[in-house]
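# Results of the structural survey
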Amino acid sequence: MGTIITVHPSKDLIVEAVEDEGRSIVVQQGDSPILGYSNAEGFEGYINVTIFGDHTVSLYKPQFPFVIATDGVKILSSSILQHQYFYTVLEKYKPIPQGYKRHFSILKEQIANITVNKDEQKKIGEFFETIGDLITLHQRKYDALKTMKKTLLSKIFPKDGEDIPEIRFKGFTDAWEQRKLGALVQFVNGRAYKQEELLDIGKYKVVRVGNFNTNEKWYFSDLELETDKYMDDGDLLYLWATSFGPVIWQGEKAIFHYHIWKLKNFESLEKKYLYSFLEWDKNKISQNTNGSTMVHITKNMIEQRVIEYPTKSEQYKIGSLLESVDNLITLHQRRSSRIIGLSAA
């Protein structure tokens, strides 16, 4: 790669002061490349260059004149590759991050298979640019929907000390009731397992907290347990260790681990409404713990949480609305992931 890369001098582009506005953007390494603005004169040939994060292996195509925040920002171009195709080649051959070290020296040693045909470069570059634009579109929609849902949750449930929410569906005027969760919901403990009880192949999956996050390793069990130790498709669960919050199980009959509660016997509450309330309540708990998700929720703690709830017909409307928003969020997340997968292939 070193034979096809041009590194532009950047020392004179480093600025210390970052402003809220200015003639040039200030670029840094990482997933949020625009740090702020500066009135310093920026790099004018921005259209034909790619910013490479020497420590982070991040790539960024600037759209405006820019200055840089640190010397770890490398300004790259190629005299033999069309600029969008060059970006695509960098995406393919950039090194795997190896901690906080300099990666450009690794990038230069990569052996790249490239086409020198300019027309082919242009078509390949435009194709991947279109893919990138689609990913950005779905990611922006995803982010906007997540923000909208957070706002909805804060307005569709009563604030502390109040018995009606800020916004309601037309036709509903009654005050909401308040009870402790433990008086309305039964939280059923999962089962703790010895390592020798966890199998690589078995009749039932043993679902752990990590399986809802990044852990794709599944264990199984042949144990026949009491009914309460199994969960079925559509069951409402609550994770209470390392990661916390409500989830709805989507899958076959399985055994749930000790760090998961199954919720049952909540006849006064609609499941979709209860799930949405618990999400909103999770946000409140996080605010009291500086936003950390590494929160240990005890059974007594969750049973003492106060839930506000309206009539079941109003609960149904609230739950259905928030479920629709969740479905849209999932849709754009999946579309973005699918496009990323296609472009990587």
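Let me begin by describing the structure that accompanies this report. Fair warning: this is a prediction, and the values are worked out from it, not measured in the lab. (Residues numbered from 1 in each chain as written. Predicted model: local features only at pLDDT ≥ 70, side-chain atom pairs only at ≥ 80, totals over all residues. Heavy atoms only, no water.)

Moving on to the sheet that holds strand β12 (residues 230–231). Within a sheet, neighbouring strands are paired by backbone hydrogen bonds and run either parallel or antiparallel to one another. Overall, mixed pairing links the four strands, which are arranged β11-β10-β15-β12 in an open sheet. Of all strands in the sheet, those with a lone pairing partner are β11 (219–221) and β12, marking the two edges. The pairing of strand β10 (residues 204–207) with β11 spans three bridges and is antiparallel. Directly across from tyrosine 204, in β11, lies its bridge partner serine 221. (Pairing = 2+ DSSP bridges. Helix = DSSP H or I, 4+ residues; strand = E, 2+ residues; numbered from the N terminus.)

This paragraph deals with the nonpolar core. Residues Phe157, Leu181, Val185, Tyr238, Leu263, Leu274 and Ile307 are the most contacted members of the largest nonpolar core, which totals 35 residues. Residue assignment for this core shows that the elements contributing at least two residues are α3 (118–156), α4 (181–184), β13 (236–241), β16 (260–264), α5 (271–287), β17 (306–309) and α7 (312–344). Top contributing element to this core by residue count: α5, with seven residues. When sequence neighbours within four positions are dropped, the list of residues in contact with phenylalanine 157 reads Pro165, Trp176, Tyr273, Ser276, Phe277, Trp280 and Leu322. Of all hydrophobic cores here, the second largest spans 16 residues; its members include Leu81, Val89, Leu90 and Phe104. (Core = buried A, V, L, I, M, F, W, Y, C linked by side-chain atoms within 4.5 Å. Buried < 20%, exposed > 50% of the residue type's maximum accessible area, 1.4 Å probe, protein only. Contact = heavy atoms within 4.5 Å.)

Here we take up the side chain of lysine 149. Summarising the element assignment, lysine 149 is placed in helix α3. For lysine 149, a relative accessible area of 8% gives the class buried. Each residue touching lysine 149, except ones within four places of it in the same chain, is listed here: Glu279, Val325, Asp326 and Ile329.

All right, on to the packing of aromatic side chains then. Evaluation of the coordinates by the stated rule reveals 16 aromatic pairs. With 5.8 Å between their ring centres and 75° between their planes, phenylalanine 187 and tryptophan 261 make a pair best called edge-to-face. One end of the pair, phenylalanine 187, is in strand β9 (residues 186–189); the other, tryptophan 261, is in strand β16, and 74 residues separate them in sequence. The burial state of phenylalanine 187 is the same as that of tryptophan 261; both residues are buried. Counting every residue linked through ring pairs, the aromatic cluster contains Phe157, Trp176, Tyr273, Phe277 and Trp280. The ring of tyrosine 193 has arginine 191 lying over it, and the distance from NZ or CZ to the ring centre is 4.7 Å. Looking at lysine 253, its charged tip hangs above the ring of tyrosine 230, at a distance of 4.4 Å from the centre. (Phe/Tyr/Trp six-rings, centres within 6.5 Å; stacked < 30°, edge-to-face > 60°. Lys NZ or Arg CZ within 6 Å of the ring centre and 35° of its normal.)

Looking now at the pairing of β16. Extensive coverage of β16 is indicated by the burial of four of its five residues. Sheet topology note: the β9/β16 ladder contains four bridges and is antiparallel. Each bridged residue has a counterpart across the sheet, and for glutamine 186 the counterpart in β16 is lysine 264.

What follows concerns the packing of helix α1 (residues 83–93) against α3. Angle between the axes and distance between the axes: these two values describe a pair of packed helices. Direction vectors running N to C along α1 and α3 enclose 65°, while the axes themselves pass 7 Å from each other. By the criterion of interaxial angle, the relationship of α1 to α3 is roughly perpendicular. For the pair α1 and α3, the sense of crossing is left-handed. Across the interface between the two elements, Gln84, Tyr85 and Thr88 of α1 pack against Gln121, Ile124, Gly125, Glu126, Phe128 and Glu129 of α3. (Axes fitted to C-alpha atoms, helices over the stretch in contact; angles between N-to-C directions. Parallel < 35°, antiparallel > 145°, perpendicular 65-115°, else oblique. Left-handed = near helix turned anticlockwise from the far one by under 90°.)

So, on to the side chain of arginine 208. Residue position: arginine 208 is located in the loop between β10 and β11. For the buried arginine 208, no salt bridge is present, and the opposite-charge side chain at shortest range is aspartate 200, 9.2 Å distant. One polar contact links the side chain of arginine 208 to the main-chain carbonyl oxygen of lysine 217, over a distance of 2.8 Å. (Lys, Arg positive; Asp, Glu negative; His and termini not counted. Salt bridge = Lys/Arg side-chain N within 4 Å of Asp/Glu carboxyl O. Polar contact = N/O pair within 3.5 Å; in protein donor to acceptor, adjacent residues only side chain to side chain.)

Once that is clear, we can look at α1. The element α1 is largely enclosed, with a buried count of eight among its 11 residues. Those residues of α1 hidden inside the fold are in contact with β4 (50–53), β5 (59–60), β7 (73–77), α2 (104–109) and α3. Sitting at the amino-terminal end of α1 is glutamine 82, which places a side-chain oxygen 3.1 Å from the backbone nitrogen of glutamine 84.

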